[in-house]
Number of protein chains: 2
Amino acid sequence: MDAAVEPFKARRIYLLLRDRISSGVLAAGERLPGEPDLAATHGVSRVTIRRALDQLVAEKMLERRPGVGTFVCATAPLGSTVLNFSDVFSHLKEMGRCTEVRLLSFGYAVPAAPVAAALGLAPGEKAQRAVRVRMIGDAPFSYLTTHVPERVGQTYSEADLARQPLLALLERSGVVIGRARQSISATLAGPDVAGLLQLEMGAPLLSLTRVVEDEAGGAVEHLHALYRPDRFTFEMQLQRTGAQGERRWSPLPPPAAAEAATTGENAKPVRPLRDKRNSP
Amino acid sequence: MDAAVEPFKARRIYLLLRDRISSGVLAAGERLPGEPDLAATHGVSRVTIRRALDQLVAEKMLERRPGVGTFVCATAPLGSTVLNFSDVFSHLKEMGRCTEVRLLSFGYAVPAAPVAAALGLAPGEKAQRAVRVRMIGDAPFSYLTTHVPERVGQTYSEADLARQPLLALLERSGVVIGRARQSISATLAGPDVAGLLQLEMGAPLLSLTRVVEDEAGGAVEHLHALYRPDRFTFEMQLQRTGAQGERRWSPLPPPAAAEAATTGENAKPVRPLRDKRNSP
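This text gives an overview of the structure that appears in the document. Worth saying up front: this structure is predicted, and the values here are computed from it rather than measured.

Procedures and definitions
Along each chain, residues carry numbers from 1 onward, in the same order as the chain's sequence is written. Key to labels: chains lettered from A, ligands numbered from 1, both in the order written. Residues qualify for local features only when their pLDDT is at least 70, as the model is predicted, and side-chain atom pairs are given and counted only at 80 or more; totals for whole chains, interfaces and linings, by contrast, use all residues. The side-chain quantities take in all heavy atoms of the structure and omit both hydrogens and water. Runs of H or I in DSSP of at least four residues are treated as helices and runs of E of at least two as strands, each being numbered from the N terminus. Any residue under 20% of the maximum accessible area for its type is buried, any over 50% is exposed, and the rest in between are partly exposed; the area is computed with a 1.4 Å probe on protein chains only. When checking whether two residues touch, look at their non-hydrogen atoms; a contact exists if any pair is within 4.5 Å. An axis is simply a line fitted to the C-alpha atoms; with a helix, the fit covers only the stretch in contact. Between two such axes, the angle follows the N-to-C directions and lies from 0 to 180 degrees. Here the word oblique covers every angle except those under 35 degrees (roughly parallel), over 145 (roughly antiparallel) and from 65 to 115 (roughly perpendicular). Residues are grouped as follows: Ala, Val, Leu, Ile, Met, Phe, Trp, Tyr, Cys and Pro are nonpolar; Asp, Glu, Lys and Arg are charged; all remaining types, including Gly, are polar. For two strands to be treated as a pair, DSSP must find at least two bridges joining them. Among buried residues, those of type Ala, Val, Leu, Ile, Met, Phe, Trp, Tyr and Cys that are joined through side-chain atoms within 4.5 Å constitute a nonpolar core. Think of a polar contact as two N or O atoms within 3.5 Å of one another; within protein, one of them needs to be a possible hydrogen donor and the other a possible acceptor, and neighboring residues in sequence only count if both atoms come from side chains.

Turning next to the environment of Leu 169 of chain B. Residue and element names in this part refer to chain B. Its location among the elements puts Leu 169 in helix 7 (residues 166-172). Using a relative accessible area of 0% as the deciding quantity, one classes Leu 169 as buried. Measuring from C-alpha to C-alpha, the distance between Leu 169 and Val 152 comes to 9.2 Å, with 17 residues separating the pair along the chain. Once residues lying within four places of it in the same chain are set aside, the contact partners of Leu 169 are Thr 155, Tyr 156, Asp 160, Leu 161 and Gln 164.

With that out of the way, let us pick up the packing of helix 2 (residues 35-42) of chain B against helix 3 (residues 46-58) of chain B. Helix-helix packing: each pair is described by the crossing angle between the helix axes and the interaxial distance. Residues and elements named next belong to chain B. Contact geometry for helix 2 and helix 3: axes closest at 8 Å, N-to-C directions at 105 degrees. On the basis of their axis angle, the class for helix 2 and helix 3 is roughly perpendicular. Each of Glu 35, Pro 36, Leu 38, Ala 39 and His 42 in helix 2 lies in contact with helix 3, whose residues at this interface are Arg 46, Ile 49, Arg 50 and Leu 53. Of the residues that constitute the contact of helix 2 with helix 3, the class distribution is five nonpolar, one polar and three charged.

Once that is clear, we can look at the pairing of strand 8 (residues 204-214) of chain B. All names here are of chain B. The buried count for strand 8 comes to ten of eleven residues, which makes it a mostly enclosed element. Pairing geometry for strand 7 (residues 177-188) and strand 8, over ten bridges, is antiparallel. If you follow Ile 177 over to strand 8, its bridge partner there is Asp 214. Summarising the sheet, strand 8 and strand 9 (residues 219-227) pair through eight bridges and their orientation is antiparallel. Its bridge partner lying in strand 9, Val 211 is registered against His 222.

Here the focus is the nonpolar core. Membership of the largest hydrophobic core comes to 57 residues, with the highest contact counts inside it found for Ile 184 and Phe 234 of chain A together with Leu 170, Ile 184 and Phe 234 of chain B. By size, the runner-up hydrophobic cluster in this structure holds 38 residues, among which are Val 44 and Leu 188 of chain A together with Ile 13 and Ala 39 of chain B.

All names here are of chain A. Along the polypeptide, Arg 210 turns up in strand 8 (residues 204-214). Overall, Arg 210 belongs to the buried group, its relative accessible area being 4%. Distance in space between the C-alpha atoms of Arg 210 and His 222 is 5.8 Å, their sequence separation being twelve residues. One polar contact links Arg 210 to Gln 182, side chain to side chain, over a distance of 2.7 Å.

All quantities given are derived from atomic positions and should not be read as evidence of function.
What follows is the structure in structure tokens.
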């Protein structure tokens, strides 16, 4: 009976320590108390403590130095592959490294009801559906599912989409892109996505849903994106607007267009926000 | 031994079904196969299936109708309390209901290293630290930790912060707010935050880190916010800018200032994005 309960306790300790590390309460370089102390503090067995620590070591949040102890890692996990959304939204720049995309599936199917509604499809109407994983080198950071109305989808092939960004293909088809609306949320990695993004099942993911419209207001793309938060965050600068007492912020204009590149998709590899202040 | 492994399997089934429900692959109103069928399909025991379904029922993603079966809930969980970030950022509007804040702690302490670095504090320098939970009625949706340099913090009291938004208090102190930069990510609910936000431990959370600067570029506030994604999402409208082939979006200007209200903090209770298309 107790054996069945222990994984829950280990998860509790894991989440507790994870919080303390990511908030900086346990500082980088700090040595953790020994396993017996941690077990006594939290009222659990040493086995439970070890299981929680194992997971944090696997995630590079902790580091074991044999004969010395367990330490909070001095650098952000995967710091060099962290990606940021540079300016307010989707202004893409390359910062020395390229992202690469793997097209996992390409076909036509009747989408799930929320996607069909967003695209304004008739009941039973098919859409062009593609699933892609975007990588930096060998490190996957996003899992992208797109749906495009069939009449637009038929203007490009699987080979086209394997090579070119979807937005460029939409424009090639004659679509004039108008507005988009998007929603950013958070979710957990299910078993399939976890495998593709090289994560533990149940890991946190940033999620984005974007509906792109043409000039007439017709939906031409539905994007659902899942991002590894250790490799991709949305970052933006804001300026204060409005009268005193009104809490309003407006986005700052994006950096000079000269910096814009035409590769990648809404992502640029840069140092994480918390590293910027320490950079030379 | 097997007893210890089952919770992992149940979590796997839970995450799998959760994905299918939230993506619409399992449609609202749809009846799930019976527990023996699900157990056979996934190669697990009925006890494991029941455990996964129990959690989805508790989260109002599934509904059991005795003698009939288990159904995908027809409405979004907690639909009526879902909150959106209406326009690009922090333009606040009231939509009929007010948010309320509970001040959980107020004091002065040396912050963790990343916060101290963001605020430009000297080693050992204290900051005014406050923890608040924001609610809609009885439903908590955000957990906010703020740090303010001591010299600014001393211009307001605990009672002030319990009643007024922090940004208003900063401006009352004579600070002229300049820019802010923020980063949006995702994380998991640790045991403490889970309790306060009335969530299961390990549930996904949206996280936001914002550093607010005064006109001279000095940091005057560090905000770390955690949001329940079922009750709060970031939403924005974008317009296409730049040449064809450049994938660039710019935010649309916020709605008329007349709609702005001076209560709440960066949140408005509205219907979720997916409901908007169906609203009259």
